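Descriptive analysis of the structure
Now for the letters of each chain:
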Amino acid sequence: MVLLHVLFEHAVGYALLALKEVEEISLLLPQVEECVLNLGKFHNIVRLVAFCPFASSQVALENANAVSEGVVHEDLRLLLETHLPSKKKKVLLGVGDPKIGAAIQEELGYNCQTGGVIAEILRGVRLHFHNLVKGLTDLSACKAQLGLGHSYSRAKVKFNVNRVDNMIIQSISLLDQLDKDINTFSMRVREWYGYHFPELVKIINDNATYCRLAQFIGNRRELNEEKLEKLEELTMDGAKAKAILDASRSSMGMDISAIDLINIESFSSRVVSLSEYRQSLHTYLRSKMSQVAPSLSALIGEAVGARLIAHAGSLTNLAKYPASTVQILGAEKALFRALKTRGNTPKYGLIFHSTFIGRAAAKNKGRISRYLANKCSIASRIDCFSEVPTSVFGEKLREQVEERLSFYETGEIPRKNLDVMKEAMVQAEEAAAEMARKLEKQEKKRLKKEKKRLAALALASSENSSTPEEYEETQSERPKKKKKQKPQETPQENGMEDPSVSISKPKKKRSFSKEELVSSDVEETAGNVSLPKRKKSFPKEEPVSDAEEAVNRSVPKKKRKFSSKEEPLSSGPEEAAGNKSGSSKKKKKLQKLSQED
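Each value, and the rule that gives it
Residue positions are given per chain, counting from 1 as you read along its sequence in written order. Owing to the predicted nature of the model, reporting of local features is limited to residues with pLDDT of at least 70; listing and counting of side-chain atom pairs is limited to 80 or more, with chain, interface and lining totals taken over all residues. Note that the side-chain values use all heavy atoms of the structure and ignore hydrogens as well as water. UniProt positions are given in the numbering used here, feature names are shortened, and annotations may be inferred rather than shown by experiment. Helix numbering and strand numbering both begin at the N terminus, where a helix is a DSSP run of H or I of at least 4 residues and a strand a DSSP run of E of at least 2. Using a 1.4 Å probe on the protein chains alone, a residue whose accessible area is under 20% of its type maximum counts as buried, one over 50% counts as exposed, and one in between counts as partly exposed. Any two residues whose heavy atoms approach within 4.5 Å at even a single point are treated as in contact. Throughout, the Shrake-Rupley method with a 1.4 Å probe supplies accessible areas, and for residues the shown protein chains are the sole cover considered. Exposure above 30% relative accessible area and the absence of a salt bridge qualify a residue for a patch, where like charges join within 9 Å and nonpolar side chains (Val, Leu, Ile, Met, Phe, Trp, Tyr) within 5 Å. Each reported salt bridge corresponds to a side-chain nitrogen of Lys or Arg within 4 Å of a carboxyl oxygen of Asp or Glu. Under the counting rule used here, the positive set is Lys and Arg, the negative set is Asp and Glu, and His together with the chain ends is not counted. Just so you know, the charge point we use is NZ for Lys, CZ for Arg, CG for Asp and CD for Glu. Here the rule is simple: two strands pair whenever DSSP picks up at least two bridges between them.

In the nomenclature of an unreviewed UniProt entry, the chain corresponds to Nucleolar protein 56 from the organism Canis lupus dingo. Quoted straight from UniProt, the Sequence similarities (unreviewed entry) entry for the chain says "Belongs to the NOP5/NOP56 family." Under the Subcellular location (unreviewed entry) heading, UniProt states for the chain: "Nucleus, Nucleolus".

With that settled, consider the overall build of the chain. When helices and strands are tallied, the chain shows 25 helices and five strands. Residue burial in the chain is summarised as follows: out of 597 residues, 34% are buried. Taking the contacts inside the chain whose residues are at least 6 apart along the sequence as the reference set, 67% of them involve residues at least 24 apart. Only carbon and sulfur atoms are counted for the fraction: they give 55% of the accessible area of the chain, which is about 37,600 Å².

Where like charges cluster on the molecular surface, the negative patch consists of Glu229, Glu232, Glu233 and Asp237. Following the sequence through the fold, Asp237 ends up in the loop between α11 (228-235) and α12 (238-249).

Attention now goes to the pattern of salt bridges. With the rule as written, the count across this model stands at 19 salt bridges. A salt bridge links Glu191 to Arg188, with the nearest nitrogen and oxygen atoms 3.3 Å apart. You can see Glu191 and its partner Arg188 sitting in helix α8 (residues 163-194), three residues apart, about one turn around the helix. Judged by its relative accessible area of 44%, Glu191 falls in the partly exposed class. Linking Glu402 and Arg359 is a salt bridge whose minimum nitrogen-to-oxygen distance equals 2.8 Å. Of this pair, Glu402 sits in helix α21 (residues 392-410) while Arg359 sits in helix α19 (residues 355-359), placing them 43 residues apart in sequence. A residue is classified by how much of its surface remains accessible, and Arg359, at 41% relative accessible area, is partly exposed.

So, on to the pairing of strand β4 (residues 91-94). A two-sided burial pattern is seen for β4, the buried positions comprising Val91 and Leu93 on one face and Leu92 and Gly94 on the other. Across four bridges, the pairing between strand β1 (residues 3-9) and β4 is parallel. Pairing of His5 across the sheet is with Leu93, part of β4. Pairing analysis gives three bridges linking β4 to strand β5 (residues 111-113), with the strands arranged parallel. Across the sheet, Gly94 pairs through a bridge with Gln113, a residue of β5.

Glancing now at the environment of Asn224. Inspection of the secondary structure puts Asn224 in the loop between α10 (207-217) and α11. Taking relative accessible area as the criterion, Asn224 reaches 31% and is therefore assigned partly exposed. Along the backbone, Asn224 and Arg249 are 25 residues apart, and their C-alpha atoms lie at a distance of 9.0 Å.

This is the structure:
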């Protein structure tokens, strides 16, 4: 009896389901078709054996990538080895993807089947999955599918190996479209301006040059000898410029109004700008092809190589094609028409635009196209799978095609392919070494610049961090200076100065005599003490003045350094005069007191 199990991959995890034991699986098909839409009947046929949920969205993305690539993930391997019977011959596993089925059969040894009743069972499981698994709702299942779908698509876009080819495909498509549009617009300019100057069409054949001349000439009656130099610059030919000047004088064209001429010139300028953009786009395509497919572009040219890549879809697809497919790539309609009518099949497709087939004789065109397709297939594989892109192989392959072409014409025997490839390998190694040296130099330069930049940033940060410290140091030094001056202030204030009076500058300081100092002390004591006690205060003032004189003698020079607050009381001439008058009055009072005693 064969046991049928079905593997179902969902965004939330793997599910393993079992069916009833039957001898012939095909007998289940009508039953499953009837009960797919009915949950009760579907439960009678299918039951859930095991469910392995994904731990996180990242794990779900890894499993989805593995399933799409046909690789057995460790989570899937663990589920199958744990819950499937040990006797592998009696187990038949149904899967939806043939790739993953082949991988399971090869690695684990279980027989796998796809299609038929398996597809119907998976359709029913997909419909009733939220009812088969406990704790899973339809809303949560939809959210998981949406999140995994976005992650899978984002990863595919990010890691798309053909993403560089897309730029080449779009560029060559736009280039072909521009060629058609410029050709159409140029014919319109020729027809429109031909009413006014019909002879110019026969003289100038190039479309872009004709549009530039139509824009420059304008009204043919205004063309004269002064514009001949500009005409020679535009046409790059003095004879043609002279012919245009002569034809303008005897032209059979009709007169044209100013407004019509303005429209013609405007349209001509648009065509000229389109042709200039076409040239810049062609330059961009050449640079892109030299980066993506240097060997193919060196062999048959950038335009033909880009058309081959665009027709194949990507460089990888072109590398997978055989040489016979590359030969007729682009001639599919002619091939199927020949197969249908039993006629001759085409000999070449897009590679016909290369110069080799045009140079070959009529009887050798098919032979050279077959040989060229072979070399194109080799060049595309080298470009696709080589780590370091180089044009050495393309140049050697081009030399081989040239030798084969000369062999068809003259009979000269070409070199062997083995010898040519050995030379190419030697040159490719040298080119790779040279490129490695260049990259190393660039990396060293980049590291030096980075070191300089980091050093400059460190220096700037250190300067910014030191400025507030310096500011704090200067602020801390200022109060220290004031503290040094305070002890000098205290004896002066207590001794002979009044700190509230400070008028003159330190430059006007002068020295005081002993008599003045004594008289000032006497005046202070007399003002503070009453009259009966003046007898006792007078003899006590002399030792005080002696002590002050000793202090003045010990510090002769420092006494003169006063701040604005530390200036003496008699710093000005008026105050000095007041002190003298006060001392004379005191002397008179002392004489009276001595007479009374």
